[in-house]
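Each chain, letter by letter, is given below.
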Amino acid sequence: MAVELYLLLLLLCGSTVSEVQPLHKPPPGTLDFGFVPAKTYDTNAYHEPGPIGIVFRLVHSFLYLVQPNSFPQDLIQKLTQQKFGNVQGDYQKAIYYEIGFIVPAALGLLFVLLLPLVGLCFCMCRCCDNCGGEMHQRQKKNADCRRGCFATFLFVASLIISIGVLCAYAANQHLTSQVRGAKNLVHSNFKDLRIFFNNTPGQIDYLVSQYNTTKNKALSDLDNVGPLLGSRVQERFAKEVRPALDAALTMAGAIRETKEALENVSVSVEVLQEGTERLHSNLTDVKIHLSNTLSDSACSAAQAASTCNIIRNSLNQLNINANFSGLPGVSTQVAKVNDVLKIDLSSLVQKGYAAFNNTPDLVLNQTRNILSDIKNLLDFIGSNITSFTKMLPVQKVLADLTIYLTQTEAYVQDYFPVVEQYDFYRWLGCLILCCMVILILVFYYLGLLCGTCGYDKHASPTTRGCISNTGGNFLMAGVGFSFLFSWVLMIIVVITFVTGGNIEKLVCEPFEDRTLFKVLDTPYLLNRHWRNYLSAIVLKNPDINLTFEKVYSDCKENKGIYTTLHLENLFNINEFLNINMYTEDVSLKIEHINVNLSNIVLLDEIGKRNLLDFSSSGIDGINFAAYLTEINKSVTKVDLLSFANDLEARADQLPKGALENALKGHANSIRMIHNQQVVPLEQAMSTLNQSIRLLQRTSSEFMVKVRNVISAVDAAQFLISNDASLVIIQETKKYMDMIIGYFEQYVEWVKESITMEVAACKPIANVIDTAVDIFLCSYVIDSVNTFWFGLGGCSIFLIPAIICAVKLSKYYRRMDTEDVYDDVETIPMKNMENGNNGYHKEHLYGIHNPVMTSSVEQW
């Protein structure tokens, strides 16, 4: 029933991943589907035993020492298939594997048989005053040493027995406490299963609802088909169109710059012509006035004659140097450029830009009908998913499973008190066994305590104190109870050893390393007609490779049950929801998109004619050499400031008087002419120089540049007019890939979610781990093995304890007779000649003990 639920729940999601291979490259955009809602499971399928875990590991090591053989996989398979014994060597293999348990079990049974028999014989022997039963102790030289050794050995044996019984008691208590706490663990597992059932439909609904994320993103991109598809088409042409339009716009700017340069040349030449004429006139006046001044009689004096002659000879330098009156004019070129500028070339280029940039809107307007059909198709897909979800009987199956789970939980809860009651009986029985050992230990410890504390080495065997004698009696009581209880303890040890050890080796260890699953996955093991038992039960097809080990491993990793159980083999998902079919429909719709870009005109014929008129404006016919020749000359033949300074310096050489003052006045006039006329002329020459050089530099390239611009614009226009259909088809294909890519992302996300998140079967693995690894192995078997390990150690060390206790009791109990020697020497070996080993016999073997005699007579 549960399997059918998982099949139904995951059918829808699986429909999107059934062997769908991506038809396109991954899309550039990534959709965010969020996280599949998942609940946190309470069960922690891991058990930490605490301090007793050290003993558990010690028991595991002992079992490995006893049984180091590997798991008998072939024998288990034959036993399961009821073929064990068909081959002659099967029993030998089984005995070889179990030899580690057989030998200790045989020794234990021998212990059970012989120890009561030995105890019976020992008692009968002592009743006949043999086997240490006679109340007489021979004096020996090393008596103190022997007594100390026996006491030490008995104490060590008792200490080891105490450790063993402590381990057994701890294991008994651990099992009981874990059984009582298992109720919470069982409840946690049922709670996780209930969460598993209740959460799965919500996860399915979430996966289905995320189709809206895909659809909304596709609708958004369809609504933005202009910016997306149109921009892509535009970018494809932009590599040719934008440089051509940029060059045309640059040429429009160059035309304006050329006009400005021509106007600067025209104005500068006019300024220079007028300025040089005025400067020439002023310099002529200055020379005349200087000549008149130098004609003064004062220059005839001997002191001034040479100075005046020098000044008179330099007057020829006061003249203009550059002559701009003969330069050709540029009015013709200015007129032609002005005619060109009557047409706004920049505005024509901007119209080309606007037409090209309007491509996204053009695409949007021409695809409205097709986009409407695609949107209707997406809505149809969504309605199909919703209607298909409603067809699944999820709630009914969930309700049935929930009822079954509730009934199972109630059954477990009802019988759990019975389990606790039987566990109490087990705990009480194990406690009684521990108490048997403790009773023996109490007698041994009391015997050692009383015997050691009450022993008086100066007292003779017949005069030992009451405490010492009591200690010896305690030891013999311990021996008696050892014979009574040890064989019972050994029976329990043998039974639990064989049972617990084999379960540990044949169940727990193979489960831990998953060898047990490999046995279960053996073909035709559990059913001779089914190759794979699990796939035959779940999928009704024994040929599908569905193994227990793989299912457990996947659930352990919390993978989705759809992938874990290979549920895709039950249904042909494409029959219910074939995403490929819908994507093909979407592709066909998108492929019908046809955009016409023939209306885009980058630069009309008027603009092109305007460029050609500019190239033939005659700028290249200007006599740049004549201009540059005059521009490279200075305005005057001599620097007027230097001339004025020199004139003033020579005037200072003359005697004080009118001549000196007149010459200084002429120097100031020359300075004024420089500042007011020469400096503006130099600035005009600089402007003329820049403009002429600009025109000279660009005029030679205008024709070539204009042809290149017109060629680039024509090439871009040709590309738009003739290659637009191919570019639109290519970009439409990419646009379609992007839209289809959203569905593929949805498919991949659903596939990953189903694999790892939807109906994650961790609770199933937790149930198995709880039942086998935790409850059976960790709680029960580890405790049982520790119990027999401790109790077995107690039983084994009871044997040396019995021997030491019997020997030691002789040194603590009060004897009936003792050795009596004839001389002072008390060493029997030196008095061999005196009777029987050096002592006299009275009443058979010794002197009467008056205390004991009086006691007997009273009885």
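No experiment lies behind these values; they were computed from the predicted model shown. One numbering rule holds for all chains: residues counted from 1, following each sequence as written. It should be noted that, the model being predicted, local features are given only for residues of pLDDT at least 70 and side-chain atom pairs only at 80 or more, the latter also being counted only at that level, while totals for whole chains, interfaces and linings use all residues. Excluded from the side-chain calculations are hydrogens and water; all other atoms, namely the structure's heavy atoms, are used.

A. Structural view of the overall build of the protein chain. When you go through the protein chain residue by residue, the secondary structure sums to 25 helices and two strands. Considering the protein chain as a whole, with its 859 residues, one finds that 46% of them fall into the buried category. We call two residues contacting when some pair of their heavy atoms lies within 4.5 Å. Within the protein chain, residue pairs in contact and separated by at least 24 positions form 89% of the contacts whose partners lie at least 6 positions apart. Where accessible areas are quoted, they stem from the Shrake-Rupley method and a 1.4 Å probe; at the residue level, only the protein chains shown are allowed to cover. Carbon and sulfur atoms provide 58% of the accessible area of the protein chain, an area that totals close to 43,300 Å². Only runs of H or I of at least four residues qualify as helices and only runs of E of at least two qualify as strands under DSSP, and these elements are numbered from the N terminus. Here the term buried applies to any residue with accessible area under 20% of the maximum for its type, exposed to any over 50%, and partly exposed to those in between, with areas from a 1.4 Å probe on protein chains only.

B. Spotlight on the nonpolar core. Buried residues of nine kinds, namely Ala, Val, Leu, Ile, Met, Phe, Trp, Tyr and Cys, make up a nonpolar core once their side-chain atoms join them within 4.5 Å. Counting residues in hydrophobic clusters, the biggest one holds 125 residues, and the most contacted among them are Leu-318, Tyr-627, Leu-663 and Leu-688. For this core, the element with the most residues is helix α23 (residues 658–756), which contributes 30 residues. Setting aside residues no more than four positions away along its own chain, Leu-663 makes contact with Leu-290, Thr-293, Leu-294, Ile-311, Leu-647, Ala-651 and Leu-654. Counting residues in hydrophobic clusters, the runner-up holds 54 residues, among them Phe-111, Cys-167, Leu-448 and Trp-788.

C. Geometry of the confidence of the model for the protein chain. For every residue, the predictor reports its confidence as pLDDT, a number between 0 and 100. Chain-level pLDDT for the protein chain is 76 on average; 78% of the residues reach the 70-or-more range. Confidence, read as mean pLDDT per element, is least for helix α1 (residues 2–15) in the protein chain (35) and greatest for helix α2 (residues 53–66) (91). Considering only residues more than four positions removed or in separate chains, one finds that residues 1–28, a stretch of pLDDT under 50, has 81 contacts. Across residues 822–859, where pLDDT falls below 50, the model places 41 contacts with residues more than four positions away in sequence or in other chains.

D. The arrangement of the pattern of salt bridges in detail. Throughout this description, the term salt bridge denotes a Lys or Arg side-chain nitrogen within 4 Å of a carboxyl oxygen of Asp or Glu. Counted according to the given criterion, the structure contains eight salt bridges. Across the pair Lys-559 and Asp-554 runs a salt bridge whose closest N-O atoms are separated by 3.6 Å. This pair shows no difference in class: Lys-559 is buried, exactly as Asp-554 is.

E. Representation of unusual backbone geometry. A positive phi is found at Arg-514, a non-glycine position, where the angle reads about 65°. Structurally, the position occupied by Arg-514 is in the loop between α14 (466–512) and α15 (515–520). Even without being a glycine, Asn-558 presents a positive backbone phi close to 65°. If you trace the backbone, Asn-558 turns up in the loop between α17 (548–556) and α18 (561–564). For Asn-558, a relative accessible area of 28% puts it in the partly exposed group.

F. Examining the state of the cysteines more closely. In this description, the term disulfide denotes a pair of cysteine sulfurs within 2.5 Å. Scanning the entire structure with this criterion turns up two disulfides. Paired through a disulfide, Cys-508 and Cys-777 show a sulfur-sulfur distance of 2.1 Å. Negative torsions about the S-S bond denote left-handed disulfides, and the value of about -100° found for Cys-508 with Cys-777 makes this one left-handed. Separated by 269 residues along the polypeptide, Cys-508 in helix α14 and Cys-777 in helix α24 (residues 762–812) bring together distant segments of the chain. Judged on exposure class, the residue Cys-508 and its partner Cys-777 are both buried. The disulfide partner of Cys-555 is Cys-761, and the gap between their sulfur atoms is 2.2 Å.

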